[in-house]
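# Fold and geometry: a report
Residues per chain are reported as follows:
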Amino acid sequence: MLSNKVQAILNEQIKIEAESSQVYLAMASWAEIQPGIDNITSFFYQHSEEERQHMLKLIHFVNERGGFATIPALKQPQLTFPSIKHAFAALLKHEIFVSQSINNCVDLVLAEKDYATHNFLQWYVAEQIEEEALARTINDKLELIGDDKSGMYMFDRDILSIGIDKK
Ligand code: OFO
């Protein structure tokens, strides 16, 4: 059984995962109308879908532990970006925010001595380490590429396998 405090913070995390999915969906839609970056577009769509899965996993956990997962209203995310580099910088910043939020959940469940939820959250802790690492790798590569168009061509060609290496 979840305490009220744990239920509340997990519902807040459900909202954050839902917002993450929306943020990356907006990046995907923006990328889709830019010429020649089909794989970058797919990356954002896939990432959005992953965040939706993170949200669903939390919803099921809350409901299975005797709580009630509440489906949140979402604010509209940023719709356009000055460049691909800006979009990926925003992605890294967002992942750092999500990691902090997972850490806050872990702090609370330890204070509440809710070891079952603590165990459940370890999956998210590990996931955030991977997602932050992937986002940093991508940002580092974009930094190297700068304004080089052939570099960007290769980045788009390779981005889906960068993701696979890190996952
Ligand atoms: Fe990318 O964050 Fe979910 O957990």
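Refer to the structure presented above.
Being a predicted model, the structure only gives us computed values, none of them experimental. (Residues numbered from 1 in each chain as written. Predicted model: local features only at pLDDT ≥ 70, side-chain atom pairs only at ≥ 80, totals over all residues. Heavy atoms only, no water.)

## Some remarks on the side chain of Thr117
Tracing the sequence through the fold places Thr117 in helix H4 (residues 115-145). Engagement of the side chain of Thr117 in a polar contact is seen with the side chain of Asp114, the distance being 2.7 Å. In contact with Thr117, not counting residues within four places along its chain, are Leu2, Val6, Leu10, Phe61 and Val109. (Helix = DSSP H or I, 4+ residues; strand = E, 2+ residues; numbered from the N terminus. Polar contact = N/O pair within 3.5 Å; in protein donor to acceptor, adjacent residues only side chain to side chain. Contact = heavy atoms within 4.5 Å.)

## Quick look at the pattern of salt bridges
Going through the model one piece at a time under the given rule, you end up with 4 salt bridges. Between Glu112 and Lys5 there is a salt bridge, with the nearest N and O atoms lying 3.8 Å from each other. Residue Glu112 is found in the loop between helix H3 (84-111) and H4, and its partner Lys5 is found in helix H1 (residues 4-32); the two are separated by 107 residues along the sequence. Take Glu112: its relative accessible area is 29%, and that puts it in the partly exposed class. (Salt bridge = Lys/Arg side-chain N within 4 Å of Asp/Glu carboxyl O. Buried < 20%, exposed > 50% of the residue type's maximum accessible area, 1.4 Å probe, protein only.)

## Focus: helix H2 (residues 38-64)
In this model, H2 (27 residues) spans 39 Å end to end at C-alpha, consistent with the 39 Å of a helix rising 1.5 Å per residue. Backbone geometry just after H2 places Gly66 at a positive phi near 85 degrees. (Expected span 1.5 Å × (residues − 1).)

## Here we look at the nonpolar core
If you look at the biggest cluster of nonpolar residues, it comprises 25 residues, and the most contacted ones within it are Ile40, Phe43, Phe44, Phe88, Ile138 and Phe155. Ranked by the residues each element gives to this core, the list is headed by H1, at 6 residues. Counting residues in each nonpolar core, the second largest holds 20 residues, with Ile59, Val62, Ala69 and Val109 among its members. (Core = buried A, V, L, I, M, F, W, Y, C linked by side-chain atoms within 4.5 Å.)

## Some thoughts on the packing of H3 against H4
Where H3 meets H4, the axes come as close as 9 Å, and the angle between the chain directions of the two elements is 160 degrees. Our classification of the angle between H3 and H4 gives roughly antiparallel. Handedness of the H3/H4 crossing: left-handed. Per-class residue counts for the contact of H3 with H4 are 19 nonpolar, 5 polar and 6 charged. (Axes fitted to C-alpha atoms, helices over the stretch in contact; angles between N-to-C directions. Parallel < 35°, antiparallel > 145°, perpendicular 65-115°, else oblique. Left-handed = near helix turned anticlockwise from the far one by under 90°. Nonpolar A, V, L, I, M, F, W, Y, C, P; charged D, E, K, R; others polar.)

## Regarding the environment of Met152
Relative to the elements of secondary structure, Met152 occurs in helix H5 (residues 149-166). Expressed as a C-alpha distance, the spacing of Met152 and Leu142, which sit 10 residues apart in the sequence, is 7.9 Å. Non-local contacts of Met152, meaning those with residues more than four positions away in its chain, are made with Ile40, Ile84, Leu142 and Ile145.

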